[in-house]
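Structural features, examined
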Amino acid sequence: MKESNKLGLNTTCVHVGEVKDEQFKGAVSPIYTSTSYAFDGVDVKRYPRYFNTPNQQMLHKKIAALEHAEDALIFTSGMAAISAALMTFLQKGDHVVVQQVIYGGTYNFIVSEFDKYGIEYSFTESDNIEDFKTLIKENTKILYIETPSNPLLGITDMKAVTTLAKKHDIITMIDNTFASPINQNPIDFGIDIILHSATKYMGGHSDISAGAIAASKKHIEEIWKTAINFGGNLSDQTVWLLERSLKTLNLRVSAQTENAQKMAEYLEKNTNIDKVYYPGLKSHPQYELAKKQMKGFGAMLSFELKDGIDTMAFQNNLQLIKPSMSLAGLESTTVSPTQTTHALLSEEERLERGIKDGLIRFSVGIEEPEDLIADIEQAIRKVKM
């Protein structure tokens, strides 16, 4: 077989990281659910919390291949992955520069936990590289970004960030959840550590909670030392489900991305919509940058309804599109970030980040766009009656 980085994307999704069924020759990976393995006369002393069961090890290979990385680790959630990565490379007296508009859970983790450990942090005022430059200190260890950002789909210049970081010998981390490995591979732009809520596109069916990290073998080895202490390993049943889901990752995300472009163009022309946030629109301020560093513009967008159209009444009148907490499933969903992902931020903090009460985040699924458009039209009509 060819090397994994030479295989086609669908082939990589399907075949890299399979657990071979040597006994019965089954077409899919068998599940090894044991929590106890032999310790004598073996090459690997296996234990689930050590991230080295057969299913765990092979799934690491698939995720690493998809992200063009040397190695990977999988966790129980995106926050388990993010917290393990950050706490590996930060200690008392260190400083991290964080992009302002990021996932609310990450923001809350930083402001709630870092002070306890004597870790300093600074948030940029935008995703402009100049904001990062002014915040770097002698004790800065990490530059942390998220692009496209949640929920306003801002785009950060990855190459500019990595150039700045290398100049100061700083580690770079990115939350790549919104783009997925199908639409963006940050390692190709020099980013050191790639983070995912695998609950989202990697899982893709709204039935898995998981997280992932992809990086060099050196960085993964360091993260592993911290991760085994935090105990955020994923059960092998869920590992198996995630491997199953990743086989269709390219097919799903490609279809969702194509749909999202059509939906964004429709919403931008809709007179009942005040503003649309989607990097695939030429009106997006970072459209050209998105074209340079993304293979596709993703399946996430956000929009604001015109004044007078009740945001929750609109969502509750949708019939196909589900108002739902998470994102990236096969089905289209909406959510109000002020009530969910960014609810732990104060109103002032949300407004500083441009997150208004009327903002709706839209995760586009695989349904026919015509059906999604009809659903939006009927919901608006009902609310305006």
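Before reading further, recall that the structure is shown in the block above.
Sequence positions are assigned chain by chain, starting from 1 and proceeding in written order. Given that the model is predicted, a residue must reach a pLDDT of at least 70 before its local features are reported, and side-chain atom pairs must reach 80 or more before they are shown or counted; all residues, however, enter totals for whole chains, interfaces and linings. Each side-chain value is worked out from all heavy atoms of the structure, with water and hydrogens disregarded.

What to know about the overall build of the protein chain
A run of DSSP states H or I qualifies as a helix once it reaches four residues; a run of E qualifies as a strand once it reaches two. Both are numbered from the N-terminal end. Scanning the protein chain for helices and strands turns up 14 helices and twelve strands. If you line up the protein chain on its principal axes, its C-alpha atoms span 75 × 55 × 35 Å. Out of the 385 residues in the protein chain, the part that is buried amounts to 57%. In the protein chain, the proportion of contacts linking residues at least 24 apart, taken out of those at least 6 apart, comes to 72%. As displayed, the protein chain offers around 17000 Å² of accessible surface, 50% of which is attributable to carbon and sulfur atoms. We treat Lys and Arg as the positive residues and Asp and Glu as the negative residues; His and chain ends play no part in the count. To locate a charge, take NZ of a lysine, CZ of an arginine, CG of an aspartate or CD of a glutamate. Looking at charge distribution, the protein chain has the averaged site of its 40 positive side-chain charges lying 4 Å from that of its 49 negative ones. Burial status follows relative accessibility: with a 1.4 Å probe on protein chains alone, a residue under 20% of its type maximum counts as buried, one over 50% as exposed, and anything between as partly exposed. We call two residues contacting when some pair of their heavy atoms lies within 4.5 Å. Reported accessibility uses the Shrake-Rupley method at a 1.4 Å probe radius. Residues are deemed covered only where the shown protein chains occlude them.

Side note on the sheet that holds strand β10 (residues 322–323)
The five strands are arranged β8-β9-β12-β11-β10 in an open sheet whose pairing can be described as mixed. Single-partner strands in this sheet number two, and they are β8 (273–277) and β10. Pairing between β10 and strand β11 (residues 333–335): two bridges, direction parallel. What sits directly across from K322, in β11, is T333. Axis definition: a line fitted to C-alpha atoms, over the contacting stretch in the case of helices. Angles run 0 to 180 degrees between N-to-C directions. Helix-sheet contacts for helix α10 (residues 249–269) involve β8, β9 (300–305) and β12 (359–363), and the interaxial angle to β9 is about 15°. Only strands that DSSP links by at least two bridges are regarded as paired with each other.

With respect to the pairing of strand β3 (residues 120–123)
Residues in a regular strand project their side chains so that they alternate between the two faces of the sheet. By the bridge criterion, four bridges tie strand β2 (residues 95–98) to β3 in an arrangement that is parallel. Each bridged residue has a counterpart across the sheet, and for H95 the counterpart in β3 is E120. Crossover connection from β2 via helix α4 (residues 104–113) to parallel β3: handedness right-handed. Think of it like this: strands point away, you trace from the first strand over the helix to the second, and a clockwise trace means the crossover is right-handed.

What about the side chain of D21?
Examined against the element boundaries, D21 turns out to sit in the loop between α1 (9–15) and α2 (54–66). The side chain of D21 is buried and forms no salt bridge, while K25, the nearest opposite charge, is found at 7.4 Å. What D21 contacts, discounting residues up to four positions off in sequence, is G26, V28 and P30. What makes a salt bridge here is a side-chain nitrogen of Lys or Arg within 4 Å of a carboxyl oxygen of Asp or Glu, nothing more.

Comments concerning the pattern of salt bridges
Per the stated rule, a full pass over the model turns up eleven salt bridges. For the salt bridge of K25 with E22, the shortest nitrogen-to-oxygen distance reads 3.6 Å. Of the two residues examined, K25 and E22, each falls in the exposed class. With its nearest N and O atoms 3.1 Å apart, the salt bridge here joins E113 to K116. By relative accessible area, E113 is classed as partly exposed at 24%.

Here's the deal with the sheet that holds strand β6 (residues 193–197)
Reading across from one edge, β1-β7-β6-β5-β4-β2-β3 is the order of the seven strands in this open sheet, with mixed pairing throughout. Because the sheet does not close on itself, it has two edges, and the strands there are β1 (71–75) and β3. Averaged over all pairs of adjacent strands, the angle between their axes in this sheet comes to 20°, without regard to strand direction. Sheet contacts for α2: β1 and β7 (211–215); angle to β1, the most-contacted strand, approximately 120°.

Side note on the packing of aromatic side chains
Stacked, tilted and edge-to-face are the three classes applied to pairs of Phe, Tyr and Trp rings, where Trp contributes its six-membered ring and a pair requires centres within 6.5 Å; stacked means planes under 30 degrees apart, edge-to-face means over 60, and tilted covers the rest. For the structure on display, the rule yields eleven aromatic pairs. For the ring pair Y50 and W224, a centre distance of 6.1 Å and an interplane angle of 70° mean the geometry is edge-to-face. Highlighted residues: Y50 in the loop between α1 and α2 and W224 in helix α8 (residues 217–230), separated in sequence by 174 residues. By relative accessible area, which is 32% here, Y50 ends up partly exposed. The interplanar angle of 40° and the centroid separation of 4.9 Å between the aromatic rings of Y107 and F123 together place this pair among those described as tilted. Of the two residues, Y107 sits in helix α4 while F123 sits in strand β3, which places them 16 residues apart along the sequence. Y107 sits in the buried class, given a relative accessible area of 8%. These aromatic residues form a ring-pair network of at least three members: Y107, F109, F114, Y121 and F123.

Here's the deal with helix α14 (residues 369–384)
Taking 1.5 Å as the rise per residue, α14 with 16 residues should run 22 Å; its terminal C-alpha atoms sit 23 Å apart, in good agreement. For α14, the full list of buried residues reads P369, L372, D375, I376, Q378, A379, I380 and V383. Looking at the buried residues of α14, the elements they touch are α10, α12 (311–316) and β12. Between the first and last residue of a helix there are one fewer steps than residues, each counted as 1.5 Å, and that sum is the expected span.

Some points on a nonpolar patch on the surface
Residues Y47, Y50 and W224 make up a contiguous nonpolar surface patch of roughly 270 Å² in combined accessible area. Judged by relative accessible area, which is 30%, W224 ranks as partly exposed. Any residue with relative accessible area above 30% and no salt bridge may belong to a patch, with like charges joined within 9 Å and the nonpolar Val, Leu, Ile, Met, Phe, Trp and Tyr side chains within 5 Å.

Describing the packing of helix α3 (residues 78–89) against α8
Helix-helix packing is described using two parameters, namely the angle between the two axes and the distance between the axes. Where α3 contacts α8, the two axes come as close as 9 Å, and the packing angle between them is 110°. Taken as axis vectors, α3 and α8 run roughly perpendicular relative to one another. Taken as a pair, α3 and α8 cross one another with a handedness that is right-handed. Taken together, the residues of α8 that come into contact with α3 (itself represented by S83, A84, A85, M87, T88 and F89) are H219, E222, I223, T226 and F230. We call two directions roughly parallel when the angle between them is under 35 degrees, roughly antiparallel when it is over 145, roughly perpendicular when it lies between 65 and 115, and oblique otherwise. For a crossing to be left-handed, the near helix must be turned anticlockwise from the far one by less than a right angle; the clockwise case is right-handed.

Focus on the nonpolar core
Residue types Ala, Val, Leu, Ile, Met, Phe, Trp, Tyr and Cys, when buried and joined through side-chain atoms within 4.5 Å, form a set referred to as a nonpolar core. Core analysis: the biggest nonpolar cluster contains 74 residues, and L301, F303, F314 and I376 have the highest contact counts within it. By residue number, the principal contributor to this core is α10, which donates seven residues. When neighbours within four sequence positions are excluded, L301 is seen to be in contact with L153, A260, M263, A264, L267, Y277, Y278, I360, R361, F362 and V364. Judged by nonpolar contacts, the second largest core, of 33 residues, contains V96, V98, Y107 and I220.

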